2 protein chains.
Amino acid sequence: MDKKSKSLSKNQKIVLDFIQKNKKPVKAYSILSNVQKKGINAPPQVYRALDKLIEIGKIHRVESQNSFVACKISNCDTPHKTIFSICNSCEIVSEINDPKLFKNLKDFRDKDGTVFDGYNLEFFGTCKSCKNKQIENTKH
Amino acid sequence: MDKKSKSLSKNQKIVLDFIQKNKKPVKAYSILSNVQKKGINAPPQVYRALDKLIEIGKIHRVESQNSFVACKISNCDTPHKTIFSICNSCEIVSEINDPKLFKNLKDFRDKDGTVFDGYNLEFFGTCKSCKNKQIENTKH
DNA sequence: AAATTTTTGTTATATTATAACACTATACTC
DNA sequence: GAGTATAGTGTTATAATATAACAAAAATTT
Ligand SMILES: [Zn+2]
Ligand SMILES: [Zn+2]
Ligand SMILES: [Zn+2]
Ligand SMILES: [Zn+2]
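All of these numbers come straight from a predicted model, not from anything done at the bench.

Draft legend 1. Main features of helix α4 (residues 99-107) of chain A. Along α4(A), the residues that are buried comprise Leu101(A), Asn104(A) and Leu105(A). On an axial view of α4(A), the arc spanned by its buried residues comes to 90°, and they lie on one face. Turned more than 90 degrees off the buried face of α4(A), the exposed positions are Pro99(A) and Lys106(A). Against the buried residues of α4(A) lie β4 (81-87) and β6 (116-125) of chain A together with α4 (99-107) and β6 (116-125) of chain B.

Draft legend 2. Fine view of the packing of aromatic side chains. All told, the structure shown has ten aromatic pairs over all chains when counted by the stated rule. Here the aromatic rings of Tyr29(A) and Tyr47(A) are separated by 6.4 Å at their centres, their planes lie at 65°, and the arrangement is edge-to-face. Remark: Tyr47(A) occurs in helix α3 (residues 43-55) and Tyr29(A) occurs in helix α2 (residues 28-35); sequence separation between them is 18 residues. Looking at Tyr47(A), the relative accessible area reads 35%, which means it is partly exposed. Three or more aromatic residues joined by ring pairs make a cluster, and in this case those are Phe108(A), Phe116(A), Tyr119(A) and Phe123(B).

Draft legend 3. Looking closely at the pairing of strand β3 (residues 67-70) of chain B. All names here are of chain B. On β3, burial covers both faces: Ser67 and Val69 on one face and Phe68 and Ala70 on the other are all buried. The pairing of strand β1 (residues 26-27) with β3 spans two bridges and is classified as antiparallel. Within β3, the position partnered with Val26 by the bridge is Phe68. Between strand β2 (residues 59-62) and β3, which follow one another and run antiparallel, lie four residues, and Asn66 among them has a positive phi close to 50°.

Draft legend 4. Examining the interface of chain B and chain A more closely. Taken together, the 24 residues of chain B in the interface contact 24 residues of chain A. In this assembly, chain B packs against chain A so that about 2,500 Å² is buried in total across both faces, 61% of it on carbon and sulfur atoms. Ranking the residues of chain B by area buried against chain A places Phe108(B), Phe123(B) and Phe124(B) at the top, with a combined share of 22%. Taken together, the links from chain B to chain A amount to zero salt bridges. Here chain B is connected to chain A by eight residue pairs in polar contact (both at pLDDT 80 or more). Elements with a contribution of two residues or more to the side of chain B that touches chain A: α4 and β6 of chain B. It is β6(B) that provides the largest number of residues to the side of chain B that touches chain A, a total of ten residues. Per-class residue counts for the side of chain B that touches chain A are nine nonpolar, nine polar and six charged. In terms of strand pairing, β6(A) meets β6(B) through nine bridges, oriented antiparallel. Bridge assignment links Gly118(A) to a residue of β6(B), and that residue is Phe124(B).

Calculation rules
Each chain carries its own residue numbering, running from 1 in the written order of its sequence. Chain labels run from A onward and ligand labels from 1 onward, assigned in the order the entries are written. Residue-level local features of this predicted model are given only where pLDDT is at least 70; pairs of side-chain atoms are given and counted only at 80 or more, and the full residue set underlies all totals for whole chains, interfaces and linings. In computing side-chain values, all of the structure's heavy atoms are included and hydrogens and water are not. Accessible area is worked out with a 1.4 Å probe on protein chains only. A residue is then buried under 20% of its type maximum, exposed over 50%, and partly exposed in between. Under the scheme used here, helices are H or I runs from DSSP no shorter than 4 residues and strands are E runs no shorter than 2 residues, and both carry numbers assigned from the N terminus. What the arc covers is the set of directions going from the helix axis to the C-beta atoms. Every residue pair with non-hydrogen atoms within 4.5 Å of one another is taken to be in contact. Whether two aromatic rings pair depends on their centres lying within 6.5 Å, for rings of Phe, Tyr and Trp, where Trp uses its six-membered ring; planes under 30 degrees apart make the pair stacked, over 60 edge-to-face, and the rest tilted. Any two strands with at least two DSSP bridges between them are considered paired. In short, buried area is how much 1.4 Å probe accessible area vanishes from two parts on joining, totalled over both. Here, a salt bridge means any Lys or Arg side-chain nitrogen found within 4 Å of an Asp or Glu carboxyl oxygen. Throughout this description, a polar contact denotes any pair of N or O atoms lying within 3.5 Å of each other; where both atoms belong to protein, one of them has to be capable of donating a hydrogen while the other can accept it, and for residues adjacent in sequence the pair is counted only when both atoms sit in side chains. For this classification, Asp, Glu, Lys and Arg are treated as charged, while Ala, Val, Leu, Ile, Met, Phe, Trp, Tyr, Cys and Pro are nonpolar and the rest, including Gly, are polar.

Next comes the structure, spelled out in structure tokens:
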């Protein structure tokens, strides 16, 4: 029985459910205030659930934002092998599923020949929607 | 006159000097406590200097550690194009200078064709020194 | 020298995350 | 199924990281 098929605890379900409902990444204290009606009262309850959900790969942490987002890649059952694109303007985050890039990163060795267990890659730019808005604004 | 050749202010010099003296990344409040004797009294003074030093590429932020490290790549004059290897055990950080990987990341486009301004890549593993220590320990 | 921009110093506060402890639920083992 | 180990819960307090806001000084530009 692998990690993924183990059933989640009550708090883990509540937190995961809230993260999955959001298109954008969410912050820990935003999660907290949104799930208080479900009986989660304090930060440690949220952070514990987050830790577990990250460990089993259901969510990822967006390091540059201190935020958390649901995994969008069905077979992403491990944590710490993540690639995101992040819009500098609207802060929307997309998980990137690019086989060639995966391979490049998986095969990477440093000068010593050290193999790495995991990685996190975050690309920064302006998303299509924000770019269009900027063009709109310069027209007027 | 490019950003790099502009001379640094007093506080910027103090903070950069301290970061460069350290082999490992340093935390903001560790910087603060270590430079108080030089007349830097409060967090904003440190964070402002850090922001500027990051902007001009003299230092980088290690996102997964909330820490700051001097740039080790002479021609790394832009921020936000960074690759690090990080030891899970001793937390030592090395900036990676790998032309092939640079090219892969520079050339990456998402499905939309969006071009990215920058990226941050952090590899996680066990450094050679820590791996050797682990082997030592299993011997006894 | 006046105006603008950058940097400084300071106080207060916001945001993010964990320590510690007592207790409960679930899973595992014999 | 009783005993035991493991994982999860609830709670309070506090640690660690980062920024807002404002007034003053210094450096740079015009
Ligand atoms: Zn994923
Ligand atoms: Zn956007
Ligand atoms: Zn660098
Ligand atoms: Zn190490």
